[in-house]
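The chain contents come next:
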Amino acid sequence: MKAIVLEQAEGKTLASVKQTALPAAGPDEVLVDVDWSGLNYKDALAITGKGKIIRNFPMVPGIDFAGVVNHSNDERFSAGQQVVLTGWGVGENHWGGLAEQAQVKGDWLVPLPAGLTARKAMIIGTAGLTAMLCVMALEEAGVTPESGEVVVTGASGGVGSTAVALLHALGYQVAAVTGRESTHDYLQKLGAARIVPRSDFAQTRPLEKQLWAGAVDTVGGAVLAKVLAQINYSGCVAACGLAGGFELPTTVMPFILRNVRLQGVDSVSAPLARRTAAWQRLAEVLPESFYADAATEISLEEAPAVAGAFLNNAIQGRTLVKIR
Ligand code: NDP
């Protein structure tokens, strides 16, 4: 099969597209012919070697894919069935989706939700699933469209774009935080009611004027600290990312004086029932326009170069990789 293969030489990660053979199948594994994959922030870290994502080489990257079952050793799946995979360490410590075939545990697969094609599922991808899990976290914390404005940070990225589109479709007033003027029109098209420059989020006091009923944070660092200081009494921040850094220079003040909730969100090991529910809601809530507005399609051969652009903040929305 054709795949992106990551190898190491003199401490550097080298990415090339080449023919390779999958390792022998495990007893409960399912062989999938991959139609579409995507590029996520974590893929960019893995492919460029700028993050310590991969420890064993050679490795095929790609933390998500959609395709058709070719052969199954798991009785829950059968040849011809359409499936989606995100997370579970695939593309990190198990050969991933940036390849013509992938072999994974049945437990990791989700049948393609009704209402989605494989292509649409990968426009959503890990980023979009994470955005939905963040929206669900806000809903569970009692944040409703009537509660007030909701802010999304890293708004032009994959998670951010999907969060803006989902929240808008669900009736929320969305403020989008971005560091790029070039993406303002795009964010308004997705449904942002207003745009706040990232530069406003550089400095913070322990508590600031209350502005937001809720937040989806994909950035971490100083931006998340400022968001926490501006959350309304009893509001919630769903934090899933570290595009701006993994540190959190904050104080306990928002928590102990404003009853603020900081809810972590992980998609990699989210239980099957929760991810199935999230996929179903994504299929129902995202408007048709999202798929045209948010997706850029590339080939497998282009993926290594585009991974570099990711870490230079030069990518907008979701990057879809056509495999077959
Ligand atoms: P993208 O690269 O598509 O988006 C990240 C966005 O963050 C950029 O578009 C940019 O938005 C903003 N950004 C980039 N650099 C900085 C910076 N230095 N300071 C502040 N903001 C910055 O990545 P994804 O959307 O795929 O992922 C976003 C984050 O979420 C990543 O950290 C990723 O690891 C994490 N993630 C976590 C998951 C989980 O399960 N918890 C799953 C998926 C992703 P703009 O230009 O608009 O400012």
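Because the structure is predicted, anything quoted here is derived from the model rather than measured.

**A closer look at the overall build of the protein chain**
Stage number 1. Scanning the protein chain for helices and strands turns up 9 helices and 15 strands.
Stage number 2. Against the 2.2 N^0.38 benchmark of 20 Å for 324 residues, the protein chain shows a C-alpha radius of gyration of 19 Å, consistent with a compact globule.
Stage number 3. Here the C-alpha coordinates of the protein chain stretch approximately 60 × 45 × 35 Å along the principal axes.
Stage number 4. Residue burial in the protein chain is summarised as follows: out of 324 residues, 54% are buried.
Stage number 5. For the protein chain, contacts bridging at least 24 residues in sequence account for 70% of all contacts bridging at least 6.
Stage number 6. Of the charged side chains in the protein chain, 26 are positive and 30 negative, and the gap between their average positions amounts to 5 Å.

**Structural notes on the pattern of salt bridges**
Stage number 1. If you walk through the whole model with that rule in mind, you get 14 salt bridges.
Stage number 2. Residue Lys120 pairs with Glu288 through a salt bridge whose shortest N-O separation is 3.1 Å. Here Glu288 lies in helix H8 (residues 288-294) and Lys120 lies in helix H2 (residues 118-140), a separation of 168 residues in the sequence.
Stage number 3. Measuring nitrogen to oxygen at the nearest pair gives 2.7 Å for the salt bridge that ties Glu149 to Arg194. Taken as a pair, Glu149 in the loop between H2 and strand S8 (150-152) and Arg194 in strand S10 (residues 194-197) lie far apart in primary sequence, 45 residues in all.
Stage number 4. Residue Arg194 is classed as partly exposed on the basis of its relative accessible area of 36%.

**Points about the site of the ligand**
Stage number 1. Taken together, the neighbourhood of the ligand is formed by 25 residues, with Ser156, Thr178, Gly179, Arg180 and Ser267 sitting nearest.
Stage number 2. Gly157 has a polar backbone atom sitting 3.2 Å from an oxygen atom of the ligand.
Stage number 3. Its free accessible area being 910 Å², the ligand has 87% of it covered by the protein chains.
Stage number 4. Contributions of two or more residues to the shell around the ligand are made by H2 and helix H3 (158-169).
Stage number 5. Here the residues of the shell around the ligand sort into 9 nonpolar, 13 polar and 3 charged.

**A few points about the sheet that holds strand S13 (residues 261-264)**
Stage number 1. Reading across the sheet, the 6 strands line up as S10-S9-S8-S11-S12-S13 and stay open at both edges, with parallel pairing between neighbours. Bordering the open sheet on either side are S10 and S13, each of which pairs with just one other strand. Each strand axis lies, on average, 20 degrees off the axis of its neighbour in the sheet, ignoring direction.
Stage number 2. As defined by bridge partners, S8 adjoins strand S9 (residues 174-178) across 3 bridges and the pair is classed as parallel. Bridge pairing in S9 places Val150 opposite Val174.
Stage number 3. Packed onto the sheet, H3 meets S8, S9 and strand S11 (212-217) and runs at close to 160 degrees relative to S8.
Stage number 4. Its contacts with the sheet place helix H5 (residues 221-230) against S8, S11, strand S12 (231-239) and S13, and it is angled at close to 150 degrees to S12.

**Brief notes about the state of the cysteines**
Note on terminology: disulfide describes a covalent bond linking the sulfur atoms of two cysteines.
Stage number 1. On inspection of all chains with the given rule, the structure shows 0 disulfides.
Stage number 2. The closest cysteine sulfur to the non-disulfide-bonded Cys236 is located on Cys134, 9.3 Å from its own sulfur.

**Things to note about unusual backbone geometry**
Stage number 1. Pro58 follows Phe57 through a cis peptide bond whose omega is -5 degrees.
Stage number 2. With respect to the helices and strands, the residue Pro58 is situated in the loop between helix H1 (41-48) and strand S4 (64-72).
Stage number 3. Phi at Glu10 is positive, roughly 50 degrees, even though this residue is not glycine.
Stage number 4. Tracing the backbone shows Glu10 in the loop between strand S1 (2-9) and strand S2 (12-19).

**Section: the packing of H2 against H3**
To characterise two packed helices, one gives the angle between the axes of the helices and the distance between these axes.
Stage number 1. Packing of H2 against H3 brings their axes to within 8 Å, and their N-to-C directions diverge by 50 degrees. What the angle tells us is that H2 and H3 run oblique. For H2 against H3, the interelement crossing comes out right-handed. Together, Ala127, Gly128, Thr130, Ala131, Met132 and Val135 of H2 and Gly158, Val159, Thr162, Ala163, Leu166 and Leu167 of H3 make up the contact between the two elements.
Stage number 2. Taken together, the residues of the contact of H2 with H3 break down into 8 nonpolar, 4 polar and no charged.

Criteria and cut-off values
- Residues numbered from 1 in each chain as written.
- Predicted model: local features only at pLDDT ≥ 70, side-chain atom pairs only at ≥ 80, totals over all residues.
- Heavy atoms only, no water.
- Helix = DSSP H or I, 4+ residues; strand = E, 2+ residues; numbered from the N terminus.
- Rg over C-alpha atoms; globule rule 2.2 N^0.38 Å.
- Buried < 20%, exposed > 50% of the residue type's maximum accessible area, 1.4 Å probe, protein only.
- Contact = heavy atoms within 4.5 Å.
- Lys, Arg positive; Asp, Glu negative; His and termini not counted.
- Charge placed at Lys NZ, Arg CZ, Asp CG, Glu CD.
- Salt bridge = Lys/Arg side-chain N within 4 Å of Asp/Glu carboxyl O.
- Near = heavy atom within 4 Å.
- Polar contact = N/O pair within 3.5 Å; in protein donor to acceptor, adjacent residues only side chain to side chain.
- Areas by Shrake-Rupley, 256 points an atom, 1.4 Å probe, with all protein chains shown as cover.
- Nonpolar A, V, L, I, M, F, W, Y, C, P; charged D, E, K, R; others polar.
- Pairing = 2+ DSSP bridges.
- Axes fitted to C-alpha atoms, helices over the stretch in contact; angles between N-to-C directions.
- Disulfide = S-S within 2.5 Å.
- Parallel < 35°, antiparallel > 145°, perpendicular 65-115°, else oblique.
- Left-handed = near helix turned anticlockwise from the far one by under 90°.

Scope: geometric values only; no functional claims are made or implied.
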